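# Reading the structure
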Amino acid sequence: MDHTWTRVAQHLMGRVTGPMKFRLLIQPLTAAYFGVRGGMADAKAGRPPYFWALLSTPSQRISLLKSGWKHVGKVFIFAVLLDVVYQIIELRFVYVGQAIIVPIILAILPYLIFRGVVRRVAERIEARRQRRDQKPLPSSR
C-alpha cells in the first residue's frame, strides 16, 4: 500500500515538470472564471455561499449540484481527457484514480474557492455601498 501512495505522489509531482504543464495554469484559471461568475450571480441573487449551502441544505443539494456542474462540468471533463492523454504519453498507462484526482484539484477546487470568495467579497462591497448611500449628507452652516 505504501508503494501505491509513493507512486501516486511521484506521478502527481511529475505533472508539474512534465509535458502539457500549461494545463496546470489554464484549467484552474478557467475554473476560477466560472467560479467568479457563479459567485457574482450568488451575491446578486442574495443566495448563501455555494459550498456551505451544498453542505447545509439537503433539500437544495441536487439543484445546487446541477448548477455547479453546469458551470464547471466541461472544465472537469476536459481536465480528465488531458490527464488521460498526459498519462498515455508520459506513463504509458492510464491510472483512473489519478485521472480523477487531478481534475478535482485543477477544476473543482478552484471553482469552489473562487465562487465562495467572490460571493462574500461582492456581498461586502454591496453592503458598504448601501451603508454609504444611506448616510445623511453633512449640513453646511
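Residues numbered from 1 in each chain as written. Predicted model: local features only at pLDDT ≥ 70, side-chain atom pairs only at ≥ 80, totals over all residues. Heavy atoms only, no water.

### Describing the overall build of the chain
A tally of regular secondary structure across the chain gives five helices and zero strands. Sequence-ordered secondary structure for the chain, helices as α and strands as β, is α-α-α-α-α. For 141 residues, the compact-globule estimate of 2.2 N^0.38 gives 14 Å, and the C-alpha radius of gyration of the chain, at 21 Å, exceeds that figure by more than 25%. Summarising its shape, the C-alpha atoms of the chain cover approximately 80 × 40 × 30 Å along the three principal directions. Evaluated residue by residue, the chain yields a buried proportion of 30% over its 141 residues. In the chain, once contacts between residues fewer than 6 apart in sequence are set aside, the share between residues at least 24 apart is 74%. Only carbon and sulfur atoms are counted for the fraction: they give 67% of the accessible area of the chain, which is about 9900 Å². Charge-centre separation for the chain: the mean point of 22 positive side chains lies 6 Å from the mean point of 7 negative side chains. (Helix = DSSP H or I, 4+ residues; strand = E, 2+ residues; numbered from the N terminus. Rg over C-alpha atoms; globule rule 2.2 N^0.38 Å. Buried < 20%, exposed > 50% of the residue type's maximum accessible area, 1.4 Å probe, protein only. Contact = heavy atoms within 4.5 Å. Areas by Shrake-Rupley, 256 points an atom, 1.4 Å probe, with all protein chains shown as cover. Lys, Arg positive; Asp, Glu negative; His and termini not counted. Charge placed at Lys NZ, Arg CZ, Asp CG, Glu CD.)

### Concerning the packing of helix 4 (residues 61-90) against helix 5 (residues 96-134)
Two elements in contact, helix 4 and helix 5, have axes separated by 8 Å at closest approach and are oriented at 145 degrees. The handedness of the crossing between helix 4 and helix 5 is right-handed. Along its contact with helix 4, which presents Ser67, Gly68, His71, Val72, Val75, Phe76, Ala79, Val80, Asp83, Val84 and Gln87, the element helix 5 presents Gln98, Ala99, Ile100, Val102, Pro103, Ile104, Ala107, Ile108, Tyr111 and Arg115. (Axes fitted to C-alpha atoms, helices over the stretch in contact; angles between N-to-C directions. Left-handed = near helix turned anticlockwise from the far one by under 90°.)

### Examining the environment of Trp69
The topology assignment puts Trp69 in helix 4. Along the sequence, Trp69 and Val94 sit 25 residues apart, while their C-alpha atoms lie 24 Å from each other. Not counting the four nearest positions on each side in its chain, Trp69 is found in contact with Phe76 and Ile77.

### Overview of a positive patch on the surface
Together, Arg120, Arg124, Arg128, Arg131 and Lys135 give the surface a local cluster of positive charge. Along the polypeptide, Arg124 turns up in helix 5. (Patch = residues over 30% accessible without salt bridge, like charges linked within 9 Å, V, L, I, M, F, W, Y side chains within 5 Å. Salt bridge = Lys/Arg side-chain N within 4 Å of Asp/Glu carboxyl O.)

Distances and angles like these do not, on their own, reveal function.
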